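Chains, contacts and geometry: an overview
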Amino acid sequence: MYRIPKARALGAAVAVIVIAASLAACSGSSGGIKVTGAWARNSAAVTGAGAAYLVIQNTGSEADALIGASTPAAKTAEMHETKVIESAAPSGSGGMGGAMGSTSPMMGMVPVSRIEIPAGGSVELKPGSYHLMLMSLVADLSAGDTIELTLQFEKAGKITVKAEVRAQ
Amino acid sequence: MPYRLPFSMLVAIALLTSLLATGCASVPAVPSVQMVPNRTPPPIGVRDTVYNPPRPAPALRLTDQDGKPFALTSLRGSPVFVYFGYTHCPDVCPTTLADLRAAISAAGIDAKVVFVTIDPARDTPAKVKQYLDFYAAGFIGLSGSDADIATAAKDWAVGYLAGPADSNGNYPMTHTTESYLVDGAGLLRNHIFFGAPTSLIVSILRTATGA
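Residues numbered from 1 in each chain as written. Chains lettered and ligands numbered in written order. Predicted model: local features only at pLDDT ≥ 70, side-chain atom pairs only at ≥ 80, totals over all residues. Heavy atoms only, no water.

Regarding the overall build of chain B
Selection rule: Only runs of H or I of at least four residues qualify as helices and only runs of E of at least two qualify as strands under DSSP, and these elements are numbered from the N terminus. Only protein chains enter the accessibility calculation, which uses a 1.4 Å probe; a residue whose area is less than 20% of its type maximum is buried, one above 50% is exposed, and one in between is partly exposed. Shrake-Rupley sampling with a 1.4 Å probe provides the accessible areas, and residues are treated as covered by the protein chains on show and by no other component.
Looking only at helices and strands, chain B has five helices and 11 strands in total. Scored against the burial criterion, the 211 residues of chain B give a buried share of 48%. Split by element, the accessible area of chain B, about 9800 Å² in all, is 60% carbon and sulfur.

Below you can see the structure in the form of structure tokens.
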């Protein structure tokens, strides 16, 4: 009578540990979607915002899309793209700009609602490009810290990864 | 007995899931599959980084992070990187400051970094101080009145524009993202495009200082 409950308890314990370990990994996958290399930049909470970067690989035969993100480290996490804003005219176009013979481009961030991950392709979220903007940080993100990011994919569902905070 | 099989299966499934899901940092960041390009390269012309001949740097008379008046001329004798950004900027500004810091360290040259806010409404000198203290890199941070910042930006040909605020009152700034190198004689030597590799910044710094 006691052997079965023990086996059950052991099985349950192993399952809990294994599932917890897989949830806490710094890479994660679901279906054909694999997330690797997640990191966040060290940021002072006083500035209100931080950024996280990672690589999403789609080994599946169907396109998927990143459609949302969240983290316990910030009130909200949004997908943003840093890009050259063509329509914005520099307000300080005089001075050295004219003498240089070129007007410097303006860069800005725009929120994006989805980031397409083509079948068999990958997308890198990196500085100066797509990134997760962590808004209203709960605390300072200091180098060496680890934060958890949960990514929501259209087809693959949720993937949670750990991101190391780095000063780079 | 009836429960043994389901739990064994659960363990097996959990183990399999774990094997699939873990891999951690050992997984190469760049997979063998085709990468989708998603970084905007600097437009042609912006890579022309040398001011030839060097010209006197425009004035920069603002308020430093300790609330004291600042003039760029006070740094004569040291090479100085000047960068216009804002503290609520999560991506481009901290990337640039980290790049400059890495290059200064790699070059082994005592260059200063002056961060000028283009968002004085939020970036008071006290806020700029908290921001720079967090990075603990010895950077100088400048703020001022809207008019003073506008004048400085115009003199340096820096453009900026506040974006629409979200429901929490947060707003992004669109801005030019070059940094500028002023040599120890107060001459403007280079402007450096966003994303310039460390090696290029090091070589620019060495050239400007004759090192």
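Now that the structure has been shown, we can carry on.
Some words on the nonpolar core
Among soluble globular proteins, nonpolar side chains are generally buried collectively. As a reminder, the rule being used: Each nonpolar core is a collection of buried residues, namely Ala, Val, Leu, Ile, Met, Phe, Trp, Tyr and Cys, held together in the definition by side-chain atoms within 4.5 Å. Contact between two residues is taken to exist if any of their heavy atoms lie within 4.5 Å; hydrogens are not considered.
The biggest cluster of nonpolar side chains holds 64 residues, and the ones touching the most others in it are L60, L72, F81, V82, F84, V114 and W156 of chain B. A total of seven residues in this core trace back to one element, the largest contributor, which is helix 2 (residues 92–107) of chain B. The residues contacting V82 of chain B, other than those within four sequence positions of it, are L60, L72, V114, V116, W156, E178, S179, Y180 and V182 of chain B. In this structure, I56, L66, I117 and V165 of chain A belong to the second largest nonpolar core, which totals 31 residues.

What about the layout of surface pockets?
We count it as follows: Lining residues are defined by having an atom within 4 Å of a point belonging to a cavity or pocket. Those points lie on a 1 Å grid over the protein atoms alone, cavities being sets where a 1.4 Å probe fits but cannot get out and pockets being open sets with protein on both sides within 12 Å along at least five of seven lines. Grid points are joined across faces, edges and corners, and a volume is the space filled by probe spheres set on the points.
One number sums up the size of the largest pocket: a volume of about 340 Å³. Looking at the largest pocket, it is lined by 22 residues, and the ones nearest its centre are H80 of chain A together with P164, N170, Y171 and P172 of chain B. Taken together, the elements giving at least two residues each to the lining of the largest pocket come down to strand 5 (74–84), strand 6 (106–111) and strand 9 (130–137) of chain A.

Some details on the packing of helix 2 of chain B against helix 5 (residues 198–209) of chain B
Residue and element names in this part refer to chain B. Defined as follows: Comment: axis = line fitted to C-alpha atoms, over the contacting stretch for helices; angle = value between 0 and 180 degrees taken between N-to-C directions. Angles are sorted into four bins: roughly parallel if under 35 degrees, roughly antiparallel if over 145, roughly perpendicular if 65 to 115, and oblique for all others. Left-handed describes a crossing whose near helix is turned anticlockwise from the far helix by less than a right angle; the clockwise case is right-handed. Nonpolar residues are Ala, Val, Leu, Ile, Met, Phe, Trp, Tyr, Cys and Pro. Charged residues are Asp, Glu, Lys and Arg, and all others, Gly as well, are polar.
Packing of helix 2 against helix 5 leaves a shortest axis separation of 9 Å and a crossing angle of 60°. Taken together, the axes of helix 2 and helix 5 are oblique relative to one another. Read as a crossing pair, helix 2 and helix 5 show a hand that is right-handed. From helix 2, D99, L100, A102, A103, I104, A106 and A107 reach across to helix 5, where they touch T198, I201, V202, L205 and R206. Here the contact of helix 2 with helix 5 is built from residues that sort into nine nonpolar, one polar and two charged.

Remarks on the pattern of salt bridges
Note the cut-off: Each reported salt bridge corresponds to a side-chain nitrogen of Lys or Arg within 4 Å of a carboxyl oxygen of Asp or Glu.
A complete count under the given rule lists 10 salt bridges over all chains for this structure. Residue E154 of chain A pairs with R114 of chain A through a salt bridge whose shortest N-O separation is 2.5 Å. With E154 of chain A in the loop between strand 10 (146–153) and strand 11 (157–166) and R114 of chain A in the loop between strand 6 and strand 7 (115–117), this residue pair connects regions lying 40 residues apart in the sequence. Under the relative-accessibility criterion, E154 of chain A is labelled partly exposed at 41%. The partly exposed category is assigned to R114 of chain A, whose relative accessible area is 36%. Across the pair D183 of chain B and R189 of chain B runs a salt bridge whose closest N-O atoms are separated by 3.0 Å. Among the residues examined, D183 of chain B registers a relative accessible area of 7% and is labelled buried. Sharing partners across several salt bridges, the network here consists of R114, E116 and E154 of chain A.

Re the environment of A153 of chain B
Residues and elements named next belong to chain B. Tracing the chain through its elements places A153 in helix 4 (residues 146–155). For A153, a relative accessible area of 1% puts it in the buried group. C-alpha separation for the pair A153 and P58, spaced 95 residues apart in sequence, amounts to 9.9 Å.

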